[in-house]
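Chain residues, written in single-letter form:
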Amino acid sequence: MLAVTPLPVPALSDAEWGLLLLLLATAAAAITSRRGLSASAGVAATALGLCLALGDRGLLDRVLTLPRETVALLLLPPLLFPPAAELGRRGLARHRGLLLLLGVGGTLGSALLIGAAARLLLDVSWSGALLLGLLLAPPDPDRLGLRPKDRTELGPLALGEPLLGFALVAPLSLLLIEGSTLGWDWVDPEAALLGATGRLAGGGAIGLGLSLAARRLRPHPLSLAYGCALAGAIADCSPVAAVIAAGLGAGSGARRRADSTECATSAPPLLPLLCQAALLIGVALQVAPAELGDRGGAIVGLLLAAVAARALFVFGLGGLDPARGSAYPAGGFPLLTWGGVRGVIPLALLPTGEGAGLDDGGALLRTACFGVATLSLLLHSPLRTLLLRRIDPPGGGRVDEDSGG
């Protein structure tokens, strides 16, 4: 058990605390990135320190108990829109077979394996275990720091698979929360699955339609991203699918302009980092340090289960692609395996409020998800650098600084 004496907490308003903690995380990210580490590692270290120092003080309660849909609507667009725009519809279409295998089949298979591990390692119901498996199954979009010519082939896999995965996870996690909270006797599985499919398809249609309609107007990328998310929420569709589809449409449009050498639809680099910091810090202040210490072994086990499940499906399903042997650079698939276990996007989809089927409103899931995300962020940058040096000998790999998301 991890015993921590909380630090004295000055009397600040919620808004002042929020601004102070975001500034602290941003400063830590800047310092670590200058020393050759991922900026995300600085954010993760800050969030972990805040959890250990202040996590049981109940700070920012009014801010941190926002509904999960509101949190996702505010913080996910800057994290999901830029990688979707970088991929574009052309990149998705070119690798659609393998992306569907990894993004759909790999996500569902990994969710089952991670959920089984969560059931064994945590005192959680099958509904809660499967929900945690769904949240941890898809990786965060990451270009892996490969050389530009290698990104041409591996980039669509590193970007497309997690985007499809999170679009699938968003409605399925809502279905699990509804069933475990209300009771499965009140849920019609066929109607629920059809509803989840409809939310997913409706969100995608809204995002793609608005991105195509706005092409002549050329709005700011974030305006388009937030507009599509809001439209999806109002229409009772999936805002996550709407944002991803809007990014895919906007990215394809940017590539057709002759005067554009790169996709001009990315969010400012600082904004994804701030969203990442807000998610990590928000959950850190709700996690009790003692609970985090008690569940340390389970958190490590869940991270290893996620790596193992991802390796199984990346190598297994990736081997079904006939172009793999000639198109993908040697050593790329091990990078995809580790590169996927990082990031904070699952934290935005964690349930809030009381739910009997989710172990007192998901407090245990929140602790486990925060621990896995923080640990993977801390380990991702140094281990990815080591992998690049060992398995990308032709020309040498170049590691990009990670700005979050």
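Look a little higher up for the structure.
Criteria and cut-off values
Residues numbered from 1 in each chain as written. Predicted model: local features only at pLDDT ≥ 70, side-chain atom pairs only at ≥ 80, totals over all residues. Heavy atoms only, no water. Helix = DSSP H or I, 4+ residues; strand = E, 2+ residues; numbered from the N terminus. Buried < 20%, exposed > 50% of the residue type's maximum accessible area, 1.4 Å probe, protein only. Areas by Shrake-Rupley, 256 points an atom, 1.4 Å probe, with all protein chains shown as cover. Axes fitted to C-alpha atoms, helices over the stretch in contact; angles between N-to-C directions. Parallel < 35°, antiparallel > 145°, perpendicular 65-115°, else oblique. Left-handed = near helix turned anticlockwise from the far one by under 90°. Contact = heavy atoms within 4.5 Å. Salt bridge = Lys/Arg side-chain N within 4 Å of Asp/Glu carboxyl O.

(A) Structural detail: the overall build of the protein chain. The number of helices and strands found in the protein chain is 18 helices and zero strands. Here the protein chain, with 405 residues, has 54% of them falling under the buried criterion. Accessible surface computed for the protein chain: about 17200 Å², of which carbon and sulfur atoms make up 65%.

(B) Unusual backbone geometry, seen in detail. Within the chain, D236 stands out as a residue other than glycine whose phi angle is a positive 60°. Structurally, D236 can be placed in the loop between α10 (221–234) and α11 (239–255).

(C) Structural detail: the packing of helix α6 (residues 96–121) against helix α7 (residues 126–136). Where α6 meets α7, the closest approach of the two axes is 7 Å, and the angle between their N-to-C directions is 130°. Taken together, the axis directions place α6 and α7 in an arrangement best described as oblique. When you trace α6 past α7, the crossing you get is right-handed. For the pair formed by α6 and α7, the contact residues are A111, L112, I114, G115, A116, A118 and R119 on the first element and W126, A129, L130, L132, G133, L134 and L136 on the second.

(D) The pattern of salt bridges, seen in detail. If you walk through the whole model with that rule in mind, you get three salt bridges. Two residues, D236 and R199, come together in a salt bridge whose shortest N-O distance is 3.0 Å. Taken together, the residues span a long stretch of sequence, with D236 in the loop between α10 and α11 and R199 in helix α9 (residues 189–213) at a distance of 37 residues. According to the relative accessible area criterion, D236 is exposed, its value standing at 54%.

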